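# Working through the structure, step by step
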Amino acid sequence: MIDRLRFGIFMAPFHKPGVNPTLALQNDLDLITWLDRCGYDEAWFGEHHSAGSEIIPSPELFIAAAAQNTKYIRLGTGVVSLPYHNPLWVAERMVFLDHLTRGRAILGVGPGALPTDASMVGLDPREGRPLQEVALKIIMQLLQGETVTFKNERWDLREARLHLQPYTKPHLEVVAAAVASPSGATLAGTHGAGLLSIGATMRDGFDALAYNWNIAEETAAKHGKSMDRRGWRLVGMCHVAETYEQAVKDVEYGIEHHFKYFQNVAAFPQMALPGNNVREMVEFVNTSGIGAIGTADMVRDQIDRLWKQSNGGFGCYLMMAHNWANQEATRRSYEIIARDVFPHFQGHYQPMMDANDRAAARRPQLAATHVKAVEEATARYQAQKG
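The name an unreviewed UniProt entry gives the chain is LLM class flavin-dependent oxidoreductase, with Falsigemmobacter faecalis as the organism. UniProt annotates the chain under Sequence similarities (unreviewed entry) with the comment "Belongs to the bacterial luciferase oxidoreductase family."

## Focus: the environment of T295
Inspection of the secondary structure puts T295 in the loop between β11 (291-294) and α12 (296-310). It is 9.3 Å that separates the C-alpha atoms of T295 and Q246, two residues lying 49 residues apart in sequence. The contact partners of T295, leaving out residues within four places of it in the chain, are V240, A241, E242, T243 and Y244.

## Some words on the pairing of strand β5 (residues 105-110)
Side-chain direction in a regular strand flips from residue to residue, so the side chains alternate between the two faces of the sheet. In terms of burial, β5 is largely enclosed, as 6 of its 6 residues are buried. Taken together, the 2 bridges between strand β3 (residues 74-77) and β5 define a ladder with parallel strand orientation. The residue bridging G76 from the neighbouring strand is I106, located in β5. In this sheet, β5 lies alongside strand β4 (residues 80-81) in parallel orientation, the contact comprising 2 bridges. For V80, the partnering residue across the bridge sits in β5 and is V109. The parallel pair β4 and β5, bridged by helix α3 (residues 87-100), forms a crossover whose chirality is right-handed.

## Topic: the pairing of strand β2 (residues 42-45)
Side chains of β2 alternate between two faces, with E42 and W44 and A43 and F45 buried alike. Bridging between strand β1 (residues 6-11) and β2 involves 4 bridges; their strand directions are parallel. Residue pairing in the sheet places G8 in a bridge with E42 of β2. Assessed by its sense of winding, the connection that carries the chain from β1 through helix α1 (residues 21-38) to β2 is right-handed. Assessed by its sense of winding, the connection that carries the chain from β2 through helix α2 (residues 59-67) to β3 is right-handed.

## Examining the nonpolar core
Counting residues in hydrophobic clusters, the biggest one holds 83 residues, and the most contacted among them are F7, I32 and Y40. No other element matches helix α5 (residues 128-143), which puts 8 residues into this core. In contact with I32, not counting residues within four places along its chain, are I9, M11, A43, F45, F62, A66, T70, I73 and L75. Listed in part, the 34 residues of the second largest apolar core include V79, M281, V285 and I290.

## Some points on the domain arrangement of the chain
Domain annotation for the chain reports domain 1 (6-346) and domain 2 (354-385). Once you take the C-alpha centre of each, domain 1 and domain 2 turn out to be 56 Å apart.

Rules used in this analysis
Numbering of residues begins from 1 in every chain and follows the order in which that chain's sequence is written. Given that this is a predicted model, residues contribute local features only at a pLDDT of at least 70 and side-chain atom pairs are listed and counted only at 80 or more, while totals for whole chains, interfaces and linings are drawn from all residues. Excluding hydrogens and water, the side-chain figures rest on all heavy atoms present in the structure. UniProt positions are given in the numbering used here, feature names are shortened, and annotations may be inferred rather than shown by experiment. Under the DSSP-based scheme used, a helix requires at least four consecutive residues in state H or I and a strand at least two consecutive residues in state E, with every element numbered from the N terminus. Note on definitions: a residue-residue contact is assigned when non-hydrogen atoms from the two residues lie within 4.5 Å. For each residue, the accessible area found with a 1.4 Å probe, counting protein chains only, is set against the maximum for its type, and the residue is called buried under 20%, exposed over 50%, and partly exposed in between. Each pair of strands is called paired provided DSSP finds at least two bridges between the two strands. The crossover handedness rule: strands pointing away from the viewer, path from first strand over the helix to second strand clockwise, crossover right-handed. Definition used in this section: a nonpolar core is a set of buried Ala, Val, Leu, Ile, Met, Phe, Trp, Tyr and Cys residues joined via side-chain atoms within 4.5 Å. What counts as a domain boundary in this text is fixed by an automatic or database domain assignment.

What follows is the structure in structure tokens.
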């Protein structure tokens, strides 16, 4: 049973090409510090090497930087593109981060999202998922203390083993990414890993939520593993303000770049978003169910919808960091969500409201008693003085 929903962000990131990259990355780091202060549970960072917008090439390095100015928030690779890396070095780097962060690092894995990344290292995108399966199997063996000898066209491991053991016991959390196809769910089930549903609010991803979780559970059972819904993360889109009108005004800053990036640049058809102007884009987000641009209650409604569709619940809701708004409005959005959305899903809202209602119901009686007590105390004082 899940009695506390966790909250976090999924940061690719998406920066408009041509902006100062040093400043943009510093703003990203500052945002993570702000989220830590606001009580967010997790932040995930992508790996991309082309196209000019998603400019974090190493989520591990970004985690190391973010960990220095945060205390509580957990930091995940969203994701390490396993076909691009020797699995021995992936395992080593993540165990290293496991120590540096005192157990706050999470290994998220995927096959690689941008074909332009894969092409630069001579990798056919169709090879990505098979290579990911091989790499994750090796990584899990290494994390469990095994010695691995393996060779294929890309990697040659000879009695490979970790000389630094994990800080987290038995090892740090491992999560497999999925969009709509069952491959991510199958991979998660094979290793009893967590599941990261990146396209949870997109049409195909939303329709497949319960289906993919069932696949993960069935696969896990075949391999003697088990799945825990607390390790299931769903990614959605939202931006809020004090009013709907202010939220719409906020996203005029950058929503068009985000939509056009997926329309014209990123070869990721599952994430393509229709719309020719800000008004059409806002309308699509709010009417299609992929997100919420407006107020906190709209975000609550979206999470309720995802919860029902998941047919049993999930452990964490991650908001896509999209740069729709400027830095100030973005920080304000996350703060409003922490203030007005978190309590509804973490067991705090109803007890406080019930306490308020009980106090209000008893106020007339208790107020009269209080007034009488003051009058009696005043009378005693006057009698003593006289």
